[in-house]
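Chains, contacts and geometry: an overview
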Amino acid sequence: MPLPESERILLGPGPSLVSPRVMRAMAAPVLSHLDPELMAMMDQMRDQLRRVFRAPAGSFACAVSGTGTSAMEMAVANLVDHKTRVLSVVGGYFADRVAGMCQRYGGQVRRLEYEWGRAVDPDAVRRALSQNGADVVTVVHAETSTGVLNPIEQVAAIAREHGALVIVDAVTSLGGHRLEVEQWGIGACYSCAQKCIGAPSGMAPIVFSPDALARRVASRSFSFDLGLLEDYWVRRKYHHTICASLVYALREALSMVEEEGLEARWTRHRDHHTTLATGLGAIGLSLLPPESDRLWTLNAVRVPDDIDEAAVRAQLLVRFNIEVGAGLGPLAGKIWRVGLMGAGSSPAIVVLLLGALESVLRAQRRG
Ligand SMILES: *Cc1c(COP(=O)(O)O)cnc(C)c1O
């Protein structure tokens, strides 16, 4: 296979489009994992991440070598062991993955299930915690499998009232939706590089608040051990060979986030989501979640009864070079997942996607 020659228009659930500026950063010469210049860049990146997460003073932020799932595992590996009572709030594929991860690390996991395609009701979380209590609550901010935004501010407040530490999955929200680690009282929060931040996958942002740092457990994972990673990032002690090119890419992408400004970026994601939702309505398509529960970064579009879901995705790819995602789990075949994240959240992209979708649907209905 030759290398790709033209840019694939990545409008699935991630990876998203990477800007030329980030691609150019990756072409700089490789430095070793303990080079003073690289470590200085990593110090800058820790500061960037603390600001982008809006984390309190005394937090530890870094980027895990790996993807969003690796950051998820780092959060769990350092906060959950066999003595930990966990309440996992589960209304989608990724929340289920977090709950499973807590189980693997020995946690006593109870699941609060709610409907796929709706946001969780904070009162249900309150009832679950009043009945049984928990040491840790896990919840997904942006549930990429259903296109739903969960009310983290309320859930975190309730968890704190009950003395529980909250682990938040912000993989599809960091850089696209408001996220306030300090103000909302979040314990640990993680994300990834390849969704709303706009870098290739391979390094995943994570932050532990002072509360979380105080409640750490002995990690059974070597790769994701918080203490060993603090030794590396802060005290320059070898742990693993970090990929310098990915450090350059993530740092550049975070610089672009801060140059645009977090608020401006959230507004941009909201505005283009709204335009897309209106345009989809005009060509007879609707979104799965009710308006109040919708993500701006990932649109779960219902597949009409008379349409072949996979054939539409294939035609978008072949005729327009556009990638959109399929449904996961119980939503397989029922929705398309259309991401407008990072560089992909633009007016030109919305117009292109609507035109392409309309054309593909019309062709399929003609037969
Ligand atoms: C994409 C995603 C993940 C997993 O991230 P990877 O980078 O694929 O490992 C976890 N949680 C959510 C909500 C996601 O959207």
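Residues numbered from 1 in each chain as written. Predicted model: local features only at pLDDT ≥ 70, side-chain atom pairs only at ≥ 80, totals over all residues. Heavy atoms only, no water.

Now for the overall build of the protein chain. For the protein chain, the count of helices and strands is 13 helices and 14 strands. In summary, the protein chain has a C-alpha radius of gyration of 20 Å against a globular reference of 21 Å for 367 residues, a match within 12%. By sequence separation, contacts in the protein chain at least 24 residues apart represent 74% of the contacts at least 6 residues apart. When the accessible surface of the protein chain is summed, it comes to about 15,000 Å², and 52% of that surface belongs to carbon and sulfur atoms. In the protein chain, the 38 positive side-chain charges and the 38 negative ones have mean positions that sit 2 Å from each other. (Helix = DSSP H or I, 4+ residues; strand = E, 2+ residues; numbered from the N terminus. Rg over C-alpha atoms; globule rule 2.2 N^0.38 Å. Contact = heavy atoms within 4.5 Å. Areas by Shrake-Rupley, 256 points an atom, 1.4 Å probe, with all protein chains shown as cover. Lys, Arg positive; Asp, Glu negative; His and termini not counted. Charge placed at Lys NZ, Arg CZ, Asp CG, Glu CD.)

Attention now moves to empty space enclosed by the protein. Summed over the entire model, instances satisfying the criterion amount to 1 cavity of 30 Å³ or more. The volume enclosed by the largest cavity comes to roughly 30 Å³. Contributing to the lining of the largest cavity are Leu 10, Leu 11, Gly 12, Pro 13, Gly 14, Pro 15, Ser 16, Gly 339, Leu 340, Met 341 and Gly 344. Across the lining of the largest cavity, the residue classes tally to 6 nonpolar, 5 polar and no charged. (1 Å grid on protein atoms, 1.4 Å probe; cavity = no way out; pocket = protein on both sides within 12 Å on 5 of 7 lines; lining within 4 Å. Points joined across faces, edges and corners; volume = space filled by probe spheres on them. Nonpolar A, V, L, I, M, F, W, Y, C, P; charged D, E, K, R; others polar.)

Attention shifts here to the pairing of strand β14 (residues 335-339). Counting buried positions along β14 gives 5 out of 5 residues, so the element sits mostly inside the fold. With burial as the criterion, each face of β14 is covered, one bearing Ile 335, Arg 337 and Gly 339 and the other bearing Trp 336 and Val 338. Here strand β11 (residues 298-302) runs beside β14; their pairing, made up of 5 bridges, is antiparallel. Each bridged residue has a counterpart across the sheet, and for Leu 298 the counterpart in β14 is Gly 339. Where strand β13 (residues 325-326) meets β14, 2 bridges bridge the pair, whose relative direction is antiparallel. Bridge pairing in β14 places Ala 326 opposite Trp 336. (Buried < 20%, exposed > 50% of the residue type's maximum accessible area, 1.4 Å probe, protein only. Pairing = 2+ DSSP bridges.)

If you look at the biggest cluster of nonpolar residues, it comprises 97 residues, and the most contacted ones within it are Phe 53, Val 125, Cys 189, Tyr 190, Phe 208 and Trp 233. For this core, the element with the most residues is helix α10 (residues 244-260), which contributes 9 residues. Among the nonpolar cores identified, the runner-up in size contains 26 residues, and Leu 287, Val 312, Ile 349 and Leu 357 belong to it. (Core = buried A, V, L, I, M, F, W, Y, C linked by side-chain atoms within 4.5 Å.)

Attention shifts here to the packing of aromatic side chains. For the structure shown, the criterion picks out 1 aromatic pair. Ring geometry for Tyr 93 and Phe 94: centres 5.1 Å apart, planes at 80 degrees, overall edge-to-face. Across the ring face of Phe 94, the terminal group of Lys 195 is positioned such that the distance to the ring centre comes to 5.4 Å. (Phe/Tyr/Trp six-rings, centres within 6.5 Å; stacked < 30°, edge-to-face > 60°. Lys NZ or Arg CZ within 6 Å of the ring centre and 35° of its normal.)

Residues in contact with the ligand amount to 13 residues; listed here are only the nearest, Thr 67, Thr 69, Thr 144, Gln 194 and Lys 195. Within the side chain of Thr 144, one N or O atom sits 2.3 Å away from an oxygen atom of the ligand. Here the ligand has 380 Å² of accessible area as a free molecule, and 88% of this is covered by the chains. No other element matches the 3 residues that helix α3 (residues 68-79) contributes to the shell around the ligand. (Near = heavy atom within 4 Å. Polar contact = N/O pair within 3.5 Å; in protein donor to acceptor, adjacent residues only side chain to side chain.)

With that settled, consider the environment of Leu 38. Residue position: Leu 38 is located in helix α2 (residues 36-53). Residue Leu 38 is classed as buried on the basis of its relative accessible area of 0%. Note: C-alpha distance between Leu 38 and Phe 60 (22 residues apart in sequence) is 19 Å. Discounting residues that sit within four places of it in the chain, Leu 38 has contacts with Leu 31, Ser 32, His 33, Ile 242, Ala 244, Val 247 and Tyr 248.

Now for the domain arrangement of the protein chain. Along its sequence, the protein chain is organised into domain 1 (9-15 + 261-366) and domain 2 (21-260). For domain 1 and domain 2, the distance between their C-alpha centroids amounts to 26 Å. Both sides together, the interface formed by domain 1 and domain 2 hides about 2,500 Å², and carbon and sulfur atoms give 60% of it. For domain 1, the biggest contributors to the area lost against domain 2 are Arg 265, Trp 266 and Leu 295; these three give 25% of the whole. Across the domain 1-domain 2 interface, the total number found is 4 salt bridges. The closest approach of N and O atoms between Glu 263 and Arg 54, which form a salt bridge, is 3.3 Å. Across the contact surface, domain 1 and domain 2 share 16 residue pairs in polar contact (both at pLDDT 80 or more). Contributing elements (two or more residues each) for the side of domain 1 that touches domain 2: α11 (262-282), β11 and β14. Looking at the side of domain 1 that touches domain 2 element by element, the count peaks at 7 residues for α11. Across the side of domain 1 that touches domain 2, the residue classes break down as 17 nonpolar, 5 polar and 6 charged. (Domains from an automatic or database assignment. Buried area = accessible area lost by both parts, 1.4 Å probe. Salt bridge = Lys/Arg side-chain N within 4 Å of Asp/Glu carboxyl O.)

Reading across the sheet, the 3 strands line up as β11-β14-β13 and stay open at both edges, with antiparallel pairing between neighbours. For this open sheet the edge positions go to β11 and β13, each flanked by a neighbour on one side alone. Contacting β13 and β14, helix α12 (residues 309-320) crosses the sheet at an angle of about 30 degrees to β14. (Axes fitted to C-alpha atoms, helices over the stretch in contact; angles between N-to-C directions.)

A separate point is α10. Compared with the 24 Å implied by 1.5 Å per residue over 17 residues, the 24 Å span of α10 between its first and last C-alpha is a close match. Counted residue by residue, α10 has 12 buried out of 17 residues, so it is predominantly covered. For α10, the full list of buried residues reads Ala 244, Ser 245, Leu 246, Val 247, Tyr 248, Ala 249, Leu 250, Glu 252, Ala 253, Leu 254, Ser 255 and Val 257. Elements that come into contact with the buried residues of α10 comprise α1 (20-26), α2, β2 (60-66), β10 (202-208) and α11. (Expected span 1.5 Å × (residues − 1).)

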